[in-house]
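Residue strings, one per chain:
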Amino acid sequence: MREIHKKKTGVRHLAKYPAAAALFGVVAGGAHAADAVLAPVEVAAPVANKNGTADTYVAPTVSVGRTKQDTRDVPQSITSITQQLMHDQDANTVKEALRNAVGVTFNAAEGGSSGDGIRIRGFAASNDLYVDNFRDSAQYNRDTFQTDSVEVLRGPASMIYGRGSTGGIVNQVSKQAFRGDLTQLTGTIGTDAFYRGEVDVNRSIGETAAARVVVMGQKGGSFREGAEMNRYGVAPSVKFGIGEQTEITLNALHYREDNVPDYGVPYYNVSASVHGTNTPIDRVNTFYGLKDFDSEKTKTDVLGAVIQHQIAPNMQLKNSTRYGQYDLDLRASAPSLRFANRNEALSDSTVIGRSFKLREREQEILSNVTDLIWDFETGTIRHDVLAGVELTREELVSFSRVQRNTGATTSCTAPTTTVGNPVTSGRPKCDEPVRTQADTSTANTAAIYFQDMISLNTQWKVLLGARYDNFKAETKRKSLTATPPNQPDVSRTDNVWSWRTGLIYQPDAQQSYYASYGTSFNPSAEAYSTDVRGSMTPPEKNANYEVGAKWTLLGGDLALRTALFRTIKTNERQTDIEVGVIKPAVLSGQRHTDGIELEGAGRITDKWQVFAGIAYMEAKIDKVGPLASQQANLGKRPDNVPSHTANFWTTYQIDGNWKVGGGFNAMGKRYTSLANVTNLPAFVRWDAMAEWKHRDLNVQLNVYNLFDTKHYEGLYGGFAVPGMSRSARVSVGYSF
């Protein structure tokens, strides 16, 4: 039961903050809410569930930034997707959770890659994924069974995380052992042959220790018959010294995938002025892969240890270590349209070609981070200091492979099919893929950083932070055939300073206004592998300028925020070609994204919860390289950057047993390349849910794409992946 107390209604309380009321007046009750004077009502304050998390959409504190801190004290835009929100939406992947974060879009399997392809504010963020503030840049599809919350920190953040983070980073906060006993069993069945089970068990061990294990298994089909999403995982954790001076946390993750990947549908952009539509072909339910041949197998094994010691009441030393091993074996057949001539109209008999995408990777990441967290006063000025050292070694072995005909040395080609009657069964007469080359890339990071949050008085704070990175990358190429590698071994070392500053004004405990500036850098070996040209090219530089406001209302039950920003890449790499000469890339390019974001999360009343946001983005290519093909892109909109993204989700507790909810996810038109011709059309997708709960038993129904809207989720230069058609899942959970 929640503790009940009296307080003013949300409508009356919002009247104290005109800016917040203007931005979110619709939710609070309209433009004239400030004039309404209503009688006091009883409102329930959120408390923890059995698993130690609050049953609310508000996250008053965040872990992103290496230390837990109040959201209002972070002078950047942050979205926190809580476990309760993921539960209500039955969002069991990180990509599904990120639909609640405005300004985030998704790439398809780019260049034969795999896993979560994410963009933030129009900039690639696939290498900016973190787990408990450790880099997690491997290629796999992340599940949320072991995730307590997902945090999105927008804008460059190299001062905290090192290389990357042009548009921002995504941090997954893991479930941890806690003091208490819990057993949760959940089973889910859905349309398109979807089956899933989860077990979450936590036990106290004496007064100061606890152990927890979370287990998940899933076998899932797809509305595009042929694609599959099969996985299982085990995530144990144990914690010693809970509440004592020294606390030790150990955790692990064992995760496997065995999928049939979906490379979507090709674009129809042939003779667009006559026959084409400059959009993907209108066959969103049709699968064009080879379900008996295509496969995506990933292996993820992670070990982690955190030791934190309270040196003094105002000083803590924390040492964190994480080792991850990630393997990928991808075999896919990507579709492409083939017309007999440029004026042929699309029909069911139009030929679909296929090309093999073969990728094999073996990756390891070992990282150790030591943080000193210290607060003290100099006179009347308070300092909250974070100082640290990061040592990370990353190694990636990437194998080039080819497909051979059975019993022959010639290359094996994927069979063609047609648009209207695709043949997806059977296997091409090919041998196992043959490794032809092994590229071994290593990246070593040694960094020191220092940040001070200076409280000048009760209202004004200044944030100052700096980080120095020594980033050394090396790629060695080894031929596994008689043919030597087409590029020599290369290496490069970059020494880069990154900065973070902010000014915060907090007139009271409910309001926070800020202005901030931060930088980041993208070395040529950001994703490990580099080439001769990249080895001669300095890092790209990025900056973020942002002003914003955060309001905490209704005694902490409702959080609102807004931000106005410019994210800019000031020296984008461009190719400069001279015949017969290998030259470094020219850092002559520039692009930016201007935008505004609005977001609200939390309780309007004790029964009514809301999570909503909208972002408007104006992106542009400002400068280009010397080539004619680059000059044509000047002033264009970057690919996969819609003018707007929006999301809305709300639930209402009808009585002690029943809860209902629903909402939408919206996205504007997205171009698929800098040519700004082919595009994915705008869409609005509606979802809904209903839950019946009695004591420790709950039954939940989720319906996705309620109106069966045709839309496309991810894009690449040659194809787009359709979003799901109307589907449903029923989950049954029992806790004891």
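Look up a bit, the structure's there.
The structure presented is a predicted model; accordingly, all values stated were derived computationally and were not measured.

### Description of the pattern of salt bridges
No. 1: For the structure on display, the rule yields 45 salt bridges.
No. 2: Lys659 serves as the salt-bridge partner of Asp88, at 3.0 Å between the closest nitrogen and oxygen. Pair noted here: Asp88 is in helix α4 (residues 83-89) and Lys659 is in strand β34 (residues 658-667), with a separation of 571 residues, a long-range link.
No. 3: Among the residues examined, Asp88 registers a relative accessible area of 0% and is labelled buried.
No. 4: For the salt bridge of Glu599 with Arg561, the shortest nitrogen-to-oxygen distance reads 3.2 Å. Taken together, the residues Glu599 in strand β31 (residues 586-603) and Arg561 in strand β30 (residues 558-574) connect sequence positions 38 residues apart. The pair formed by Glu599 and Arg561 is uniform in burial state, with each residue classed as buried.
No. 5: Salt bridges linked by common partners bring Arg121, Arg154, Glu546, Arg561, Glu597 and Glu599 together as one network.

### Some remarks on the state of the cysteines
No. 1: The full count for this structure, using the stated rule, is one disulfide.
No. 2: Between the sulfur atoms of Cys412 and its disulfide partner Cys430 the distance amounts to 1.7 Å. Placement of the pair is Cys412 in the loop between β23 (381-402) and β24 (417-418) and Cys430 in the loop between β24 and β25 (434-455), with a sequence separation of 18 residues.
No. 3: By relative accessible area, Cys412 is classed as buried at 9%.
No. 4: Take Cys430: its relative accessible area is 15%, and that puts it in the buried class.

### Some thoughts on the pairing of strand β5 (residues 78-82)
No. 1: Most of β5 sits inside the fold, with five of its five residues counted as buried.
No. 2: Of the two faces of β5, both are covered, the one formed by Ile78, Ser80 and Thr82 as well as the one formed by Thr79 and Ile81.
No. 3: The pairing of β5 with strand β11 (residues 147-154) spans five bridges and is classified as antiparallel. When the bridges of β11 are listed, Thr79 appears paired with Val152.

### As for the nonpolar core
No. 1: Core analysis: the biggest nonpolar cluster contains 22 residues, and Ile81, Leu98, Val104, Ile118, Ile120, Val150 and Val170 have the highest contact counts within it.
No. 2: Setting aside residues no more than four positions away along its own chain, Val104 makes contact with Leu98, Ile118, Arg119, Ile120 and Met667.
No. 3: Counting 17 residues, the second largest nonpolar core, distinct from the first, contains Val214, Tyr255, Ile365 and Tyr528.

### Some thoughts on the packing of aromatic side chains
No. 1: Inspection of the entire model under this criterion finds 15 aromatic pairs.
No. 2: Between Tyr263 and Phe719, the ring centres sit 5.2 Å apart and the planes meet at 45 degrees, which makes this aromatic pair tilted. One end of the pair, Tyr263, is in the loop between β17 (246-259) and β18 (265-268); the other, Phe719, is in strand β40 (residues 719-722), and 456 residues separate them in sequence.
No. 3: The class of Tyr263 is buried, set by a relative accessible area of 4%.
No. 4: Considering the side-chain rings of Tyr468 and Trp497, the 5.2 Å spacing of their centres and the 55 degrees angle between planes classify their relative orientation as tilted. Pair noted here: Tyr468 is in strand β26 (residues 460-479) and Trp497 is in strand β27 (residues 490-508), with a separation of 29 residues, a long-range link.
No. 5: Here Tyr468 falls in the partly exposed class, since its relative accessible area comes to 27%.
No. 6: For Trp497, a relative accessible area of 47% corresponds to the partly exposed category.
No. 7: Members of the aromatic cluster, joined through ring pairs, are Tyr140, Tyr255 and Tyr326.

Rules of the game
Residues numbered from 1 in each chain as written. Predicted model: local features only at pLDDT ≥ 70, side-chain atom pairs only at ≥ 80, totals over all residues. Heavy atoms only, no water. Salt bridge = Lys/Arg side-chain N within 4 Å of Asp/Glu carboxyl O. Helix = DSSP H or I, 4+ residues; strand = E, 2+ residues; numbered from the N terminus. Buried < 20%, exposed > 50% of the residue type's maximum accessible area, 1.4 Å probe, protein only. Disulfide = S-S within 2.5 Å. Pairing = 2+ DSSP bridges. Core = buried A, V, L, I, M, F, W, Y, C linked by side-chain atoms within 4.5 Å. Contact = heavy atoms within 4.5 Å. Phe/Tyr/Trp six-rings, centres within 6.5 Å; stacked < 30°, edge-to-face > 60°.

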